[in-house]
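# Structural overview for review
Letter by letter, the chains look like this.
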Amino acid sequence: MSSRIEQIIEEIEEFVDSCKFQPLSSTKIVVNKEELEELLRELRMKTPDEIKRYQKIISNKDAILEDAQSKADAILADAQAQAQKIVSESEVMQIALQQSNELIEQTNAQAQEILDKATEDSNNIRMSAIRYTDEMLENLEKIMSHTIEAAGSKYSNFINSIQSCYDIVNKNRMELSPQAEPSSYSTIPSESESETAEE
């Protein structure tokens, strides 16, 4: 079952695919800003909940290890109790000691196997959660990068269009009044000049 974040990302991709291209362009599209912002707003609200869910999955690692340790300790305690009983009841102490040592060794091996399996399972869960979260954030990063690039391109085209119109008007004025002082004509200040003037 997919998460709400995956669903929102799919909706954003479908929304982008459904947008119409700008006139005379095969790469730029016309986007409904409110609809896209609504999807991004919902994505922003859902992201913390999803990350908390994966953090909870990762935190289960400690619970798995604790449970495994508890089982191992119980097995070891039972083995030691049985070994003690064998020693106390056996008429041949050496046989009893040998049997108890073998039992403890088997128990230690079993306990270690449980711990190793629990560690492997918890690490697999953690890596899966990290991979999924990274893929989710990668998709979000691509969407945001595309949005930023599209906005920058539109702004640049708008400035170039205004500059072109301004140059035409300026040229027409100079042609109408060739005797006017040259200092009365100027071009639109560049973006860097505007920033310098503001400072």
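As the structure is a computational prediction, the values presented were derived from the model and not from experiment. (Residues numbered from 1 in each chain as written. Predicted model: local features only at pLDDT ≥ 70, side-chain atom pairs only at ≥ 80, totals over all residues. Heavy atoms only, no water.)

### Remarks on the overall build of the protein chain
Quick reminder of the rule: Under the DSSP-based scheme used, a helix requires at least four consecutive residues in state H or I and a strand at least two consecutive residues in state E, with every element numbered from the N terminus. Accessible area is worked out with a 1.4 Å probe on protein chains only. A residue is then buried under 20% of its type maximum, exposed over 50%, and partly exposed in between. Contacts are residue-level and defined by heavy atoms, with any inter-residue pair within 4.5 Å sufficient.
In terms of helices and strands, the protein chain carries four helices and zero strands. Counting from the amino terminus, helix and strand elements in the protein chain follow one another as α-α-α-α. For the protein chain, the proportion of its 199 residues judged to be buried stands at 17%. Sequence-distant contacts in the protein chain: of pairs separated by 6 or more residues, those separated by 24 or more amount to 64%.

### As for a negative patch on the surface
Inclusion rule: Patch membership needs two things, relative accessible area over 30% and no salt bridge, and members are linked within 9 Å if like-charged or within 5 Å if nonpolar (Val, Leu, Ile, Met, Phe, Trp, Tyr). Accessible surface area values rest on a Shrake-Rupley calculation with a 1.4 Å probe, where residue burial reflects the displayed protein chains alone. Every case where a carboxyl oxygen of Asp or Glu lies within 4 Å of a side-chain nitrogen of Lys or Arg is listed as a salt bridge. Only four residue types enter the charge count: Lys and Arg as positive, Asp and Glu as negative, with His and the chain ends excluded. A charge is said to be at NZ when it belongs to Lys, at CZ for Arg, at CG for Asp and at CD for Glu.
On the surface, Glu10, Glu13, Glu14 and Asp17 cluster together into a patch of negative charge. Mapped onto the elements of the fold, Glu10 is located in helix 1 (residues 4–18).

### Quick look at the confidence of the model for the protein chain
Note the threshold: Values of pLDDT, the confidence the predictor places in each residue, fall between 0 and 100.
In the predicted model, the protein chain carries a mean pLDDT of 77, and the fraction of residues at 70 or more is 84%. Mean pLDDT per element in the protein chain: helix 4 (residues 191–198) is the minimum at 48, and helix 3 (residues 93–176) is the maximum at 84. The low-confidence segment residues 183–187, where pLDDT is below 50, has 12 contacts with residues more than four positions distant or belonging to other chains. Per-residue pLDDT stays below 50 along residues 194–199; that stretch engages in one contact with residues further than four places along the chain or on separate chains.

### Side note on the side chain of Ser122
Using the following cut-off: N or O atoms closer than or at 3.5 Å make up a polar contact, with two conditions inside protein: a donor-capable atom paired with an acceptor-capable one, and, for residues adjacent in sequence, both atoms drawn from side chains.
The residue Ser122 is located in helix 3 in this model. A polar atom in the side chain of Ser122 sits 2.9 Å from the backbone oxygen of Thr119. Excluding anything up to four places from it in sequence, Ser122 contacts Lys61 and Ile64.

### Examining the environment of Leu43
Tracing the chain through its elements places Leu43 in helix 2 (residues 33–89). Its relative accessible area of 2% is what places Leu43 among the buried residues. Sequence separation between Leu43 and Arg4 is 39 residues, and the spatial gap between their C-alpha atoms is 8.4 Å. In this structure Leu43 touches Ile5, Ile8, Ile9, Ile12 and Leu140, once residues within four positions along its chain are discounted.

### Here we look at helix 1
As a reminder of what qualifies: One less than the residue count of a helix, multiplied by 1.5 Å, gives the span that helix is expected to have. Directions drawn from the helix axis to the C-beta atoms are what define this arc.
Its 15 residues give helix 1 an end-to-end C-alpha distance of 21 Å, which sits within 8% of 21 Å, the value for a rise of 1.5 Å per residue. Taken as a whole, helix 1 has its buried residues at Ile5, Ile8, Ile9, Ile12 and Phe15. Each buried residue of helix 1 lies within a common arc of 120° when the element is viewed along its axis, so the set occupies one face. Of the exposed residues in helix 1, the ones pointing more than 90 degrees away from its buried face are Glu14, Asp17 and Ser18.

### Some words on the nonpolar core
Within soluble globular proteins, side chains that are nonpolar generally end up buried alongside one another. We count it as follows: What is meant by a nonpolar core is a set of buried Ala, Val, Leu, Ile, Met, Phe, Trp, Tyr and Cys residues, joined one to another through side-chain atoms within 4.5 Å.
Counting residues in hydrophobic clusters, the biggest one holds 13 residues, and the most contacted among them are Ile5, Ile9, Ile12, Phe15 and Leu43. Among the secondary structure elements, those contributing two or more residues to this core are helix 1, helix 2 and helix 3. Here the element with the most residues in this core is helix 1; it accounts for five residues.

### Observations concerning the packing of helix 1 against helix 3
Helix-helix packing: each pair is described by the crossing angle between the helix axes and the interaxial distance. Selection rule: Orientation is described by axes fitted as lines to C-alpha atoms, over the contacting stretch for helices, and by angles from 0 to 180 degrees between their N-to-C directions. Orientation labels follow simple angle bins: below 35 degrees gives roughly parallel, above 145 gives roughly antiparallel, 65 to 115 gives roughly perpendicular, and whatever is left gives oblique. Handedness of each helix crossing follows the sense of rotation of the near helix against the far helix: counterclockwise by less than a right angle gives left-handed, clockwise gives right-handed.
Where helix 1 meets helix 3, the closest approach of the two axes is 11 Å, and the angle between their N-to-C directions is 25°. The orientation of helix 1 relative to helix 3 falls into the category roughly parallel. Handedness of the crossing formed by helix 1 with helix 3: left-handed. Two secondary-structure elements touch here, helix 1 through Ile5, Glu6, Ile9 and Ile12 and helix 3 through Tyr132, Met136, Asn139 and Ile143.

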